[in-house]
Amino acid sequence: MKNTLLLLSLFLALSCGDNNETAVNPSTPSGRALTIMPLGASRVQGARPEFESYRYELWKLMVNAGWEFDYIGTVSDEASYPNYKNLSFDLDHEGRGGWTSGQIAAELPQWLRSAGIPDIVLFSSPAGNDALEGLDYNRAIVNINATIDILQEANPDVTILIERLAPAQSTAMRGDLLNYFNRLQTDIVSIAAAQTTGTSSVIAIDMFTGFTDDLLADEVHYNEAGARFIASRYFTELGNNFESN
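Residues numbered from 1 in each chain as written. Predicted model: local features only at pLDDT ≥ 70, side-chain atom pairs only at ≥ 80, totals over all residues. Heavy atoms only, no water.

Novice: How would you summarise the overall build of the chain if you had to cite specific residues and measurements?
Specialist: Along the backbone of the chain there are 8 helices and 7 strands. Taken over 245 residues, the chain has a buried fraction of 52%. Of the contacts made within the chain by residues no fewer than 6 positions apart, 75% connect residues no fewer than 24 positions apart. Accessible surface computed for the chain: about 10,600 Å², of which carbon and sulfur atoms make up 49%. (Helix = DSSP H or I, 4+ residues; strand = E, 2+ residues; numbered from the N terminus. Buried < 20%, exposed > 50% of the residue type's maximum accessible area, 1.4 Å probe, protein only. Contact = heavy atoms within 4.5 Å. Areas by Shrake-Rupley, 256 points an atom, 1.4 Å probe, with all protein chains shown as cover.)

Novice: How would you sum up the nonpolar core? Please name residues and give values.
Specialist: Counting 34 residues, the largest nonpolar core has Leu 39, Ile 144 and Leu 184 as the members making the most contacts within it. Elements with a minimum of two residues in this core: strand 1 (34–40), helix 4 (101–115), strand 5 (120–123), helix 6 (137–154), strand 6 (159–164) and helix 7 (175–195). Excluding its chain neighbours within four sequence positions, the residues that come into contact with Leu 184 are Pro 126, Ala 127, Tyr 137, Ile 141, Ile 144 and Leu 165. Membership of the second largest hydrophobic core comes to 31 residues, among which are Val 44, Leu 58, Leu 161 and Leu 238. (Core = buried A, V, L, I, M, F, W, Y, C linked by side-chain atoms within 4.5 Å.)

Novice: Which residues make up the pairing of strand 6, and what are the values?
Specialist: With 5 of 6 residues buried, strand 6 is to be regarded as a mostly interior element. Examined bridge by bridge, strand 5 and strand 6 share 4 bridges and lie parallel to one another. Looking at strand 6, one finds that Leu 122 is bridged to Leu 161. Relative to strand 7 (residues 202–206), strand 6 is paired through 5 bridges, and the arrangement is parallel. In the strand pairing of strand 7, Arg 164 is matched with Asp 206. One crossover worth recording links strand 6 to the parallel strand 7 by way of helix 7, and it is right-handed. (Pairing = 2+ DSSP bridges. Right-handed = clockwise from strand over helix to strand, strands pointing away.)

Novice: Give me the lowdown on the packing of helix 6 against helix 7, citing residues and values where you can.
Specialist: Packed helix pairs are specified by the crossing angle of their axes together with the interaxial distance, meaning the distance between the axes. Running from N to C, helix 6 and helix 7 point in directions that differ by 30 degrees, and their axes come no closer than 11 Å. Considering their axes alone, helix 6 and helix 7 lie roughly parallel with respect to each other. Where helix 6 crosses over helix 7, the handedness of that crossing is right-handed. Residues Tyr 137, Asn 138, Ala 140, Ile 141, Ile 144, Asn 145, Ile 148, Asp 149 and Gln 152 of helix 6 touch helix 7, and the partners they reach there are Tyr 180, Arg 183, Leu 184, Asp 187, Ile 191 and Gln 195. For the contact of helix 6 with helix 7, the per-class residue count stands at 8 nonpolar, 4 polar and 3 charged. (Axes fitted to C-alpha atoms, helices over the stretch in contact; angles between N-to-C directions. Parallel < 35°, antiparallel > 145°, perpendicular 65-115°, else oblique. Left-handed = near helix turned anticlockwise from the far one by under 90°. Nonpolar A, V, L, I, M, F, W, Y, C, P; charged D, E, K, R; others polar.)

Novice: Could you give an account of the confidence of the model for the chain, with specific residues and numbers?
Specialist: The predicted model of the chain averages 88 in pLDDT, with 85% of residues at 70 or higher. In the predicted structure, residues 1–30 sits below a pLDDT of 50 and forms 65 contacts with residues beyond four places in sequence or in another chain. (pLDDT = per-residue confidence, 0-100.)

Novice: Quick one: what's the story with the side chain of Arg 43, residue by residue and with numbers?
Specialist: By the secondary structure assignment, Arg 43 is in helix 2 (residues 42–45). A polar atom in the side chain of Arg 43 sits 3.2 Å from the side chain of Ser 125. (Polar contact = N/O pair within 3.5 Å; in protein donor to acceptor, adjacent residues only side chain to side chain.)

Novice: Just give me the short version of the pattern of salt bridges, but keep the residues and values in it.
Specialist: The tally for this structure, following the rule as stated, stands at 5 salt bridges. For Lys 60, the salt bridge identified is with Glu 57, shortest N-O distance 3.3 Å. You can see Lys 60 and its partner Glu 57 sitting in helix 3 (residues 55–65), 3 residues apart, about one turn around the helix. Neither Lys 60 nor Glu 57 differs from the other in exposure class; each is buried. Across the pair Glu 94 and Arg 96 runs a salt bridge, and its minimum N-O distance is 2.5 Å. Judged by relative accessible area, Glu 94 falls into the buried class, the value being 0%. Here Arg 96 falls in the buried class, since its relative accessible area comes to 15%. (Salt bridge = Lys/Arg side-chain N within 4 Å of Asp/Glu carboxyl O.)

Novice: Which residues make up helix 4, and what values go with them?
Specialist: For helix 4, spanning 15 residues, the distance from its first C-alpha to its last is 19 Å, which sits close to the expected 21 Å at 1.5 Å a residue. Buried residues along helix 4 sit against strand 1, strand 4 (92–95), helix 5 (128–133) and helix 6. Of the residues one or two after helix 4, Gly 116 is the one with positive phi, at around 110 degrees. (Expected span 1.5 Å × (residues − 1).)

Encoded structure:
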């Protein structure tokens, strides 16, 4: 099951094409904005001007669509972002540079208590730092599953988009790192299928196909074009999985 009826309204705006006057401003049945938690490490956090997070580009796409949403998290971005359509960028997120899958799983319950319970989680580059550090692969898989369990326990209706992560620079993608990465690409699909319940969708989203070195600011982080690439994949995947149901 790919979503719940509670979230269906979020994506009706996509069916309106370019007619902004008829776009739906989706929210939950209670009338509040849907909460979206960007979760992960440095690719979520960003570090302007050195490298970008996808969050700002995705925020602009959702603003254009007229969606009513709220990024949540215990971290507030300290970088400067231009206003867009007279709106200030929503700075909240749950990204921490350098953190491993085990660190994220261990701290997530406290973040949920502090930031609130999300309707949608954007789970970025799971175990990416584990791969870079050469940490135990099986333990990383346990941690990814534990993170999903924690989110579903907090909200049995949560929708989780989990990335099949974009690669590092091609010169670095070799040996043990390449093997780790390739295993993650396959296992994340299996995790998503196994963790999906009758009320909670876990959706594997492909950030790998079509991602090239010119989308990177350094060995692993996005430049502005890379941030737009990732944001577009999130935006499209959200529409594909909700609009059609």
